Amino acid sequence: MSEPVSPPPLPVTWRPRRARVVAYGFAALIVVGAVVMAVLIAPPFQIADRVAIVVFGCAVAYVLHLLGRVRVEADEEGITIVNAVRTHRYTWPEVIDVTLLVGEPWPRIDFSDGRTIGAMGIQGSEKARARRATAELAALIKERGEAHEER
């Protein structure tokens, strides 16, 4: 069994490493490729076609940015979960628990209103790093959450 993890100093941000590198790397590659294609494409294509190619490349890069920006932030007030499309903000008393099951893509955070939200900012594919981040978040929840008992 692993040793208990103490809560990290606040504020703290957890972000995936590999997913960010892949997302932003491909975004840059796609934008550069779209610009090169727009410049080198055959003459029957007009300026509007060339602009459309670059705009499409930028749109794909934006979607990759949405995937690359995911994170979980904890501060004195609570946690902010930034997923690909939505950002969720919760105070500590609203947070009940966090679990990362083997084989799951990211941990699930349970809240007092009955909701469970996936935290894409901690990627299960980063095995040890994800377990450590989940343990740190769990320690913060235990220290500051609803179940916290005054001493």
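Our subject is the structure that appears above.
Each chain carries its own residue numbering, running from 1 in the direction its sequence is written. Given that the model is predicted, a residue must reach a pLDDT of at least 70 before its local features are reported, and side-chain atom pairs must reach 80 or more before they are shown or counted; all residues, however, enter totals for whole chains, interfaces and linings. As a rule here, side-chain values cover all heavy atoms of the structure and leave hydrogens and water aside.

Caption draft 1: Structural detail: the pattern of salt bridges. Salt bridges, as used here, are contacts in which a Lys or Arg side-chain nitrogen is within 4 Å of a carboxyl oxygen on Asp or Glu. Inspection of every chain in the model, using the stated rule, returns 7 salt bridges. Across the salt bridge formed by Arg129 and Glu126, the nearest N and O atoms sit 3.2 Å from each other. Among the charged side chains, a network of salt bridges with common partners joins Glu76, Glu143 and Arg144.

Caption draft 2: Summary view of helix H3 (residues 127–144). Between the first and last C-alpha of H3 there are 26 Å, a value that for 18 residues agrees with the 26 Å anticipated at 1.5 Å per step. Inspection of H3 places Ala130, Ala133, Thr134, Glu136, Leu137, Ala139, Leu140 and Ile141 among the buried residues, and these make up the whole buried set. Two residues qualify as a contact provided that any one of their heavy atoms is within 4.5 Å of a heavy atom in the partner residue. Elements are defined by DSSP. Helices are runs of H or I of four residues or more, strands are runs of E of two residues or more, and each kind is numbered from the N terminus. Where H3 is buried, its residues contact strand S1 (12–14), strand S2 (71–74), strand S3 (78–82), strand S5 (95–99) and strand S6 (108–111). Here the expected length of a helix is defined as 1.5 Å per residue gap, with one fewer gap than residues. Accessibility here uses a 1.4 Å probe with only protein chains present; expressed as a share of the type maximum, an area under 20% marks a residue as buried, one over 50% as exposed, and anything in between as partly exposed.

Caption draft 3: Seen up close, the layout of surface pockets. Of the volumes computed, that of the second largest pocket is approximately 190 Å³. In this classification, the charged set is Asp, Glu, Lys and Arg, the nonpolar set is Ala, Val, Leu, Ile, Met, Phe, Trp, Tyr, Cys and Pro, and all remaining amino acids, among them Gly, are polar. Of the residues in the lining of the second largest pocket, the class split is 3 nonpolar, 3 polar and 3 charged. Grid points spaced at 1 Å over the protein atoms alone were grouped into cavities, where a 1.4 Å probe fits but cannot get out, and pockets, open sets with protein on both sides within 12 Å along at least five of seven lines, with lining residues defined by an atom within 4 Å of a point. Grid points are joined across faces, edges and corners, and a volume is the space filled by probe spheres set on the points.

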